[in-house]
Amino acid sequence: MVAFKKLSNVTNEDFTWRVNQIVKDSTSSALISENNLSIPTNVVDWFDHPLVQGPRYTKEDLVWYTGHALDYEASGVQILGLQNDGEKMLGIVGKKKLGRTYEVKGRFGLATTTYTQEGKVLERTTWNHIKPQQINKALSLIQGAHRNALYRAAEMDLSSNEAYTAACKGTLKPRKFLGPLFLNIKLIEFSAPEFVIHITCLDESCQSLRALVANIGKRLYSGAVCTKVRRISDGIFSWDDEHTLLSHKLGGVERVIEATRDSYSRLLNDPRDFTSKRNRKRFPAADIPNKDRREKSPLLIAASENL
């Protein structure tokens, strides 16, 4: 007959000899001794590893849309829209026709076919006669001509109070496409033969900015080539914005270039002309490191510098 006892009333005499021997050996073992007990630390948690959980995302999960695209020889602020919300925001920003500001560097004394130093040389000219006052005068003439074209294309009565208010706020926009409009051109630095200018413009392309540098050289009875084009602001977004990928998301220009290499290669190999007004393209995102897929902003800004 089997007798049962409460757990609180069980003693060592109630166990068999074999059970008591196993308990005695285990308590005397050095593995679980209180003096020699080792506690594991810094144990790697493999639960969140990609090989355990699988891929966090695929290229099809993230779709990027570009705003006004830069070419492969330019650098600076590039607005990117993520997913459908980002595409809608890019459409809203594009309809506002906000001005973009560039920092353009040029060099007098040379004229090429591509307006850059890498093009075929057409002529070599002198530049010793060029002074800052002459450059400012040429920039003022170009700026005035483009502003007059803007006023005419706005299709507003320039003598009305509405036109005056729009001009003061900077919201006067052309009703039709006129090509690149350079609304504000300012000489920042001149160290002959090199110079730096800031240009605020509408409906421009990077090649039109290089052509402008060549035009400045012709107006000064010399030649000029563009050595650098950098976009410092695109509408309300600037290069020092706190949300740029360069400074906060990816951590460095090398990782920005690595992340956007695949996307830009598809953009540049596309046969369509991206210097026109419709210069957005839909393409999958590159492999950007992102630890948390839930935190994805629909509108991002990518900034890069020439290395």
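Residues numbered from 1 in each chain as written. Predicted model: local features only at pLDDT ≥ 70, side-chain atom pairs only at ≥ 80, totals over all residues. Heavy atoms only, no water.

A tally of helices and strands in the protein yields eight helices and 11 strands. When each of the 307 residues of the protein is scored for burial, the buried share is 36%. Across the protein, every contact between residues at least 6 apart in sequence was considered, and the portion connecting residues at least 24 apart equals 67%. Of the accessible surface of the protein, which amounts to about 20000 Å², a share of 53% is contributed by carbon and sulfur atoms. (Helix = DSSP H or I, 4+ residues; strand = E, 2+ residues; numbered from the N terminus. Buried < 20%, exposed > 50% of the residue type's maximum accessible area, 1.4 Å probe, protein only. Contact = heavy atoms within 4.5 Å. Areas by Shrake-Rupley, 256 points an atom, 1.4 Å probe, with all protein chains shown as cover.)

Scanning the model with the defined rule gives seven salt bridges in all. With a closest N to O distance of 3.9 Å, Arg100 and Asp234 form a salt bridge. On the criterion of sequence distance, the pair formed by Arg100 in strand β3 (residues 100-108) and Asp234 in strand β8 (residues 224-234) is long-range, its members being 134 residues apart. Where salt bridges share partners, they join Arg100, Glu204, Arg231 and Asp234 into one cluster. (Salt bridge = Lys/Arg side-chain N within 4 Å of Asp/Glu carboxyl O.)

For the rest of this paragraph, the subject is the packing of aromatic side chains. For any two aromatic rings, the description comes down to two numbers: the centre-to-centre distance and the angle of the planes. Under the defined criterion, the tally for this structure stands at two aromatic pairs. Between Phe108 and Phe190, the ring centres sit 6.4 Å apart and the planes meet at 65°, which makes this aromatic pair edge-to-face. Of the two residues, Phe108 sits in strand β3 while Phe190 sits in strand β6 (residues 181-191), which places them 82 residues apart along the sequence. Among the residues examined, Phe108 registers a relative accessible area of 3% and is labelled buried. Residues Phe108 and Phe195 carry aromatic rings whose centres are separated by 4.5 Å and whose planes lie at 25° to one another, so their mutual orientation is stacked. Highlighted residues: Phe108 in strand β3 and Phe195 in strand β7 (residues 194-202), separated in sequence by 87 residues. By relative accessible area, which is 2% here, Phe195 ends up buried. Three or more aromatic residues joined by ring pairs make a cluster, and in this case those are Phe108, Phe190 and Phe195. Between the NZ or CZ atom of Arg230 and the centre of the ring of Trp239, over which it lies, the distance is 5.9 Å. (Phe/Tyr/Trp six-rings, centres within 6.5 Å; stacked < 30°, edge-to-face > 60°. Lys NZ or Arg CZ within 6 Å of the ring centre and 35° of its normal.)

Here the protein averages 76 in pLDDT, while 64% of its residues score no lower than 70. Predicted confidence in the protein is weakest over strand β10 (residues 282-284), with a mean pLDDT of 43, and strongest over β3, with 95. In the predicted structure, residues 29-34 sits below a pLDDT of 50 and forms four contacts with residues beyond four places in sequence or in another chain. For the stretch residues 272-298, pLDDT sits under 50, and the model shows 69 contacts to residues farther than four places along the chain or on other chains. (pLDDT = per-residue confidence, 0-100.)

Moving on to the packing of helix α4 (residues 132-153) against helix α6 (residues 206-219). Two elements in contact, α4 and α6, have axes separated by 10 Å at closest approach and are oriented at 125°. Judged by the angle between their axes, α4 and α6 are oblique. Of the two elements, α4 crosses α6, and the hand of that crossing is right-handed. Between α4 and α6, the residues in contact are Ala138, Leu139, Leu141 and Ile142 and Leu212, Asn215, Ile216 and Arg219, respectively. (Axes fitted to C-alpha atoms, helices over the stretch in contact; angles between N-to-C directions. Parallel < 35°, antiparallel > 145°, perpendicular 65-115°, else oblique. Left-handed = near helix turned anticlockwise from the far one by under 90°.)

Another aspect to go through is the side chain of Arg231. Tracing the backbone through its elements, the reader meets Arg231 in strand β8. Classification of Arg231 by relative accessible area gives buried; the value is 0%. A polar contact is formed between the side chain of Arg231 and the backbone oxygen of His68, at a distance of 3.0 Å. Here the side chain of Arg231 touches Asp234 through a polar contact of 3.3 Å, side chain to side chain. Every residue in contact with Arg231, bar those within four places of it in the chain, is listed here: His68, Ala69, Leu70, Ser75, Gly76, Val77, Gln78, Arg100, Thr101 and Tyr102. (Polar contact = N/O pair within 3.5 Å; in protein donor to acceptor, adjacent residues only side chain to side chain.)

Our focus in this paragraph is the nonpolar core. Nonpolar side chains in soluble globular proteins tend to end up buried together. Among the nonpolar cores identified, the biggest contains 26 residues, and Val104, Ile185, Ile197, Ile199 and Leu209 are the most heavily contacted of them. Of all elements in the fold, only β3, α4, β6, β7, α6 and β8 reach the threshold of two or more residues within this core. The element that contributes the greatest number of residues to this core is α6, accounting for five residues. Apart from the residues within four sequence positions on either side, Ile185 is in contact with Leu139, Ile142, Gln143, Ile197, His198, Ile199 and Leu212. (Core = buried A, V, L, I, M, F, W, Y, C linked by side-chain atoms within 4.5 Å.)

Both faces of the sheet carry side chains from a regular strand, because those side chains alternate between them. Here eight bridges tie β3 to β7, and the two strands are oriented antiparallel to one another. In the sheet register, Arg107 faces β7, and the bridge partner there is Glu194. Bridge count between β6 and β7: nine bridges; the pairing is antiparallel. Across the sheet, Asn184 pairs through a bridge with Thr200, a residue of β7. Taken together, β6 and the strand that follows it, β7, pair antiparallel across an intervening segment of two residues. (Pairing = 2+ DSSP bridges.)

Let us now look at α4. Because an α-helix completes one turn every 3.6 residues, residues spaced three or four positions apart along the sequence face the same direction. With 22 residues, α4 extends 32 Å between its outermost C-alpha atoms, agreeing within 8% with the 32 Å of an ideal straight helix rising 1.5 Å per residue. Burial in α4 covers these residues: Ile135, Ala138, Leu139, Ile142, Gln143, His146, Ala149, Leu150 and Ala153. Along the long axis of α4, the arc covered by the buried residues comes to 130°, so they all point the same way. Seen from the buried face of α4, the exposed residues on the opposite side, beyond 90 degrees, are Gln133, Lys137, Leu141 and Arg152. Immediately downstream of α4, the backbone of Glu155 shows phi near 55°, a positive value. (Expected span 1.5 Å × (residues − 1). Arc of directions from axis to C-beta.)

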